[in-house]
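# Descriptive structure summary
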Amino acid sequence: MARARCVGEPPNVFFPSDGVGVLRAQKICAECPVVNECLEYALANHISHGVWGGASERQRRRLQRRRQQEQLQRPAEDRPAAVA
């Protein structure tokens, strides 16, 4: 987090109420050296609000669905074992 481009930015920048605000946040994320780690953190922790890793709430939902579909389409031997 210390290397993130968003350090020092007001948190409300990343929790916008409109599309223009999303674009502003995404512009900051585009220059961030840890943008991928941020996105993966948001996906792994099911964070549903705000702009994380340069992705809006809607973009993260789409990415999560796409990943789930890809996982279902992989052959069973390539999938992680289910945890009981």
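See the structure above.
Just so we're clear, the structure is a prediction, and the values are computed from it rather than from any experiment. (Residues numbered from 1 in each chain as written. Predicted model: local features only at pLDDT ≥ 70, side-chain atom pairs only at ≥ 80, totals over all residues. Heavy atoms only, no water.)

### Here's the deal with the pattern of salt bridges
To keep it simple, the criterion reads: For this document, the term salt bridge refers to a Lys or Arg side-chain nitrogen within 4 Å of an Asp or Glu carboxyl oxygen. Strands are runs of DSSP state E lasting at least two residues, helices are runs of H or I lasting at least four, and both sets are numbered from the N terminus onward.
All chains considered together, the criterion is met by 3 salt bridges. Of the charged contacts in the structure, one is a salt bridge between R5 and E9, with a shortest N-O distance of 3.8 Å. For R67, the salt bridge is made with E40, and the minimal N-O distance between the two is 2.6 Å. Taken as a pair, R67 in helix α3 (residues 57–73) and E40 in helix α2 (residues 35–44) lie far apart in primary sequence, 27 residues in all. One connected set of salt bridges, linked through shared partners, spans R5, E9 and E31.

### Digging into the nonpolar core
Soluble globular proteins tend to bury their nonpolar side chains together. The line we're drawing: Within this scheme, the nonpolar core is defined by two criteria: the residues are buried Ala, Val, Leu, Ile, Met, Phe, Trp, Tyr or Cys, and they are joined through side-chain atoms within 4.5 Å. A 1.4 Å probe rolled over the protein chains alone gives each residue an accessible area, and that area as a share of the maximum for its type sets the label: buried under 20%, exposed over 50%, partly exposed in between. Two residues qualify as a contact provided that any one of their heavy atoms is within 4.5 Å of a heavy atom in the partner residue.
In terms of nonpolar packing, the biggest core is built from 7 residues, these being V13, F14, V22, A25, I28, C29 and V51. What V51 contacts, discounting residues up to four positions off in sequence, is F14, P16, V22, A25, Q26, C29, S56 and R60.

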